[in-house]
Amino acid sequence: MLDLTYITENADAVQQNCRDRGVAFEIGELLSLAEQRRTLIAAGDALRHEQKEVSGKIPKAPADERGGLVARGKELRELVSDKEKELAAVESALRARQLQIPNMTHPDAPVGPDESHSRTIREWGDKPKFDFQPRDHVELMSQLDLVDLEGGAKVAGHGFYYLKNEAVLLELALVQYAVAKLRAEGFTLFTTPDLARDEVLEGIGFNPRGPETQIYSVQNTDLSLVATAEITLGGLLKDEILDAGTLPRKYAGLSHCFRTEAGGHGKATRGIYRVHQFTKVEMFGYTGPDVAASDELHATIVRIEEDIFQGLGIPYRVIDTCTGDLGGPAYRKFDLEAWMPGRNEYGEVTSASNCTDYQSRRLGIRCKSPDWKGTRFVHTLNGTAVACTRAMIAILENHQQADGSVVIPPALRPWVGCDRISPKA
RNA sequence: GGAGAGAUGGCUGAGUGGCCGAAAGCGCCGGUUUGCUAAACCGGUGUACCGGGUAAACCGGUACCACGGGUUCGAAUCCCGUUCUCUCCGCCA
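Predicted, not measured: the structure shown is a model, and the values here were computed from it.

Undergrad: It is not clear to me how the protein's contact with RNA strand B should be interpreted in this structure. Could you clarify?
TA: Around RNA strand B, the surrounding shell holds 22 residues, and the nearest of these are Arg38, His49, Ser55, Arg77 and Thr375. Backbone atoms, meaning sugar and phosphate, make up 81% of the atoms of RNA strand B lying within 4 Å of the protein. One nitrogen or oxygen atom from the side chain of Arg38 is found 2.5 Å from a phosphate oxygen belonging to RNA strand B. At 3.1 Å from a phosphate oxygen of RNA strand B is found a side-chain nitrogen or oxygen belonging to Lys52. Elements with a contribution of two residues or more to the surface near RNA strand B: α3 (28-57), α4 (63-100) and β13 (366-368). When residues in the surface near RNA strand B are grouped by element, the largest group, ten residues, is from α3. Taken together, the residues that form the surface near RNA strand B break down as five nonpolar, six polar and eleven charged.

This is the structure in structure tokens:
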């Protein structure tokens, strides 16, 4: 959510930014509601002021004046109440519009309506050259007895899966690897709830219960299954005022992620690429309220993601996401796309966003410093350390051998306990 | 799941209808005193919104004592609902 004063003072820039991001929004109505809001607040405050004066006089008033004052007090109570109702209606309409406005955009982010306008800013690693026809992860996993997709579908439906045998070790190893890396980078480690209140989801920028929701919600409660630990790590400091001296804060969270993938059918539904549940280690950052600080942590988060994939020996490219694909909260977003030989294309494995104060404003996460008066909204950032299923696909497909075995990257061997997964005898 | 107690400023904690945005202490900031540090003393110290001020300083107003409703001329204080915390009992990985 953007600041109302900012919107009204920068109406043209906000309107243009909506166009760049492909958000149909006309700012005129919002501006007129904002004006109504001011007027109603001023009128309400004046009435309450009189109300206080009147009721303050009553205890010392002579008996013959008291009746009149009480009557005026009653009258004022009605007037105040009417103004409050009017104001509540205006503010609710105003907020509904305010929430439609996406975050402002980093000046260097590429402008364009869709994926094709995103920019590749770096590539790392050499795509493996196979002297055989490479298999995709489904084939590999089934030959190596690493997954039971039918079992997952039977028990929970399409999009769920059982990992088996070394794949279990591989998932745990990826978690360990990521967590160890983040601890060394100074992150505070968390395991987080896998559910969160709807208001937290909304604060982060998800719509838990709309018709096109990507979120599983629990009936008769205000809880939803989280789509990422970004939700729980960002919600952790909701409504708090932090000492700016304690920023930046770097949190890492391990959670399950649940996504309905509504409308995602038909594309890349094979195997474990697009699933309804997966395990992920997520980074979340809180910085002070200036873009220099949050951009710096953003770069660090991307660097860590690259370290992680370089350590796994997986070729990837870094994408600077264009305006049309940024979503609501992101000011700028970098994705890592890993090379996936089975698909013969790149697949998204991480995503790192600087959300500036867009999330913190709705979540009420502020900070205080002797350097300025009052409080300011912190900046929040998030990035994937390891999304287990996608990372596993990249490992299996890039490190496969002619005989159908898969070489485990050295970085994971301490936890997997072997250097290769071979077909069962 | 059952029974009870509670939620007040950064913290501790007083306050049961008007003189309470809220005592006191701690902490923090500024000052005085002082070989240094400490102590002592004096002063200051919440947030949001609306308006004024070119802006900062600052000034005026309103709201906020977990959250939401209600009673009343007037609510931190009374009533109802919700959430959360603690204690005891039961159950349980």
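Undergrad: Please explain the nonpolar core as it appears in this structure.
TA: Across soluble globular proteins, nonpolar side chains show a tendency to be buried alongside one another. Ranked by size, the top nonpolar core spans 56 residues in total, and within it Met141 and Leu412 carry the most contacts. The element that contributes the greatest number of residues to this core is helix α7 (residues 166-184), accounting for eight residues. Contacts of Leu412, omitting those with residues within four sequence positions, involve Leu170, Ala173, Leu174, Tyr177, Leu312 and Ile395. Grouped together as the second largest cluster of nonpolar side chains are 22 residues, Ile231, Leu242, Phe284 and Ile365 included.

Undergrad: It is not clear to me how α3 should be interpreted in this structure. Could you clarify?
TA: At 3.6 residues per turn, the α-helix brings residues three or four places apart onto the same side. A rise of 1.5 Å per residue sets the reference length of α3, with its 30 residues, at 44 Å; its end C-alpha atoms lie 45 Å apart and thus fit the reference within 8%. Taken together, the buried positions of α3 are Leu30, Leu33, Ala34, Leu40, Gly44, Leu47 and Val54. In this structure, the buried residues of α3 make contact with α1 (4-9) and α4.

Undergrad: Even after reading the chapter, I still don't get the packing of α7 against helix α10 (residues 291-311), so can you show me in this structure?
TA: When two helices pack together, you describe them by how their axes are tilted relative to each other and by the distance separating the axes. Direction vectors running N to C along α7 and α10 enclose 135°, while the axes themselves pass 11 Å from each other. With respect to α10, the axis of α7 lies oblique. Like other packed secondary-structure pairs, α7 and α10 cross with a definite hand, here right-handed. On α10, the residues that touch Tyr177, Lys181 and Leu182 of α7 are Arg303, Ile304, Asp307, Ile308 and Gly311. Considered class by class, the residues forming the contact of α7 with α10 number four nonpolar, one polar and three charged.

Undergrad: For this particular structure, what's the right way to read the sheet that holds strand β14 (residues 375-377)?
TA: Strand order across the open sheet formed by three strands is β7-β13-β14, with mixed pairing between neighbours. Strand pairing shows two members of the sheet lacking a second neighbour, β7 (241-243) and β14, which therefore form its edges. Across the sheet, the mean angle separating the axes of adjacent strands is 40° when strand polarity is ignored.

Undergrad: Would you explain α4 in this entry?
TA: Here α4 is 38 residues long and its end C-alpha atoms lie 56 Å apart, about the 56 Å a rise of 1.5 Å per residue gives. Looking only at α4, the buried set comprises Leu69, Leu76, Val80, Leu87, Val90, Leu94 and Gln98. Summarising the contacts, the buried residues of α4 are in contact with α1 and α3.

Undergrad: Looking at this model, I keep getting lost on the packing of aromatic side chains. Mind explaining?
TA: Each aromatic ring pair is summarised here by two numbers: the centre-to-centre distance and the angle between the ring planes. Applying the stated criterion across every chain, the model contains six aromatic pairs. For the ring pair Tyr251 and Tyr286, a centre distance of 5.6 Å and an interplane angle of 75° mean the geometry is edge-to-face. Of the two residues, Tyr251 is situated in strand β8 (residues 249-258) and Tyr286 in strand β9 (residues 277-287); the sequence distance between them amounts to 35 residues. The interplanar angle of 70° and the centroid separation of 5.2 Å between the aromatic rings of Trp339 and Tyr346 together place this pair among those described as edge-to-face. Judged by relative accessible area, Tyr346 falls into the buried class, the value being 14%. Here Lys127 stacks its cationic end above the ring of Trp339, 4.3 Å away from the centre of that ring. In this structure, Arg390 is placed above the aromatic ring of Tyr273, and the distance from its NZ or CZ to the ring centre is 3.7 Å.

Undergrad: What is the right way to look at the confidence of the model for chain A in this model?
TA: Should pLDDT be low for a region, the predicted coordinates there are not to be read in detail. Residues with a pLDDT of 70 or more make up 98% of chain A, whose mean pLDDT is 93. Within chain A, the lowest mean pLDDT, 84, falls on β7, and the highest, 98, falls on strand β11 (residues 332-340).

Undergrad: What am I meant to see in the environment of Ser81 here?
TA: Its place among the elements puts Ser81 in helix α4. Take Ser81: its relative accessible area is 23%, and that puts it in the partly exposed class. It is 9.9 Å that separates the C-alpha atoms of Ser81 and Leu47, two residues lying 34 residues apart in sequence.

Undergrad: Mind showing me how you'd approach the layout of surface pockets here?
TA: In this approach the atoms are scanned with a rolling probe the size of a water molecule, which exposes any empty space left behind. Of the pockets and cavities examined, the second largest pocket occupies roughly 200 Å³. Taken together, Leu2, Asp3, Tyr6, Asn103, Met104, Val291, Tyr331, Thr356, Asp357, Arg361 and His379 form the lining of the second largest pocket. The residue inventory of the lining of the second largest pocket, partitioned by class, reads five nonpolar, three polar and three charged.

Undergrad: Looking at this structure, I do not really get the side chain of Thr380. What am I missing?
TA: Structurally, Thr380 can be placed in strand β15 (residues 379-387). Note on Thr380: relative accessible area 1%, which makes it buried. Side-chain polar atoms of Thr380 contact the side chain of Gln359, separated by 2.7 Å. Ignoring anything within four residues of it in the chain, the contact list for Thr380 reads Phe284, Gly285, Tyr286, Ser353, Asn354, Cys355, Thr356, Gln359 and Ser360.

About the thresholds
- Residues numbered from 1 in each chain as written.
- Chains lettered and ligands numbered in written order.
- Predicted model: local features only at pLDDT ≥ 70, side-chain atom pairs only at ≥ 80, totals over all residues.
- Heavy atoms only, no water.
- Near = heavy atom within 4 Å.
- Polar contact = N/O pair within 3.5 Å; in protein donor to acceptor, adjacent residues only side chain to side chain.
- Helix = DSSP H or I, 4+ residues; strand = E, 2+ residues; numbered from the N terminus.
- Nonpolar A, V, L, I, M, F, W, Y, C, P; charged D, E, K, R; others polar.
- Core = buried A, V, L, I, M, F, W, Y, C linked by side-chain atoms within 4.5 Å.
- Buried < 20%, exposed > 50% of the residue type's maximum accessible area, 1.4 Å probe, protein only.
- Contact = heavy atoms within 4.5 Å.
- Expected span 1.5 Å × (residues − 1).
- Axes fitted to C-alpha atoms, helices over the stretch in contact; angles between N-to-C directions.
- Parallel < 35°, antiparallel > 145°, perpendicular 65-115°, else oblique.
- Left-handed = near helix turned anticlockwise from the far one by under 90°.
- Pairing = 2+ DSSP bridges.
- Phe/Tyr/Trp six-rings, centres within 6.5 Å; stacked < 30°, edge-to-face > 60°.
- Lys NZ or Arg CZ within 6 Å of the ring centre and 35° of its normal.
- pLDDT = per-residue confidence, 0-100.
- 1 Å grid on protein atoms, 1.4 Å probe; cavity = no way out; pocket = protein on both sides within 12 Å on 5 of 7 lines; lining within 4 Å.
- Points joined across faces, edges and corners; volume = space filled by probe spheres on them.

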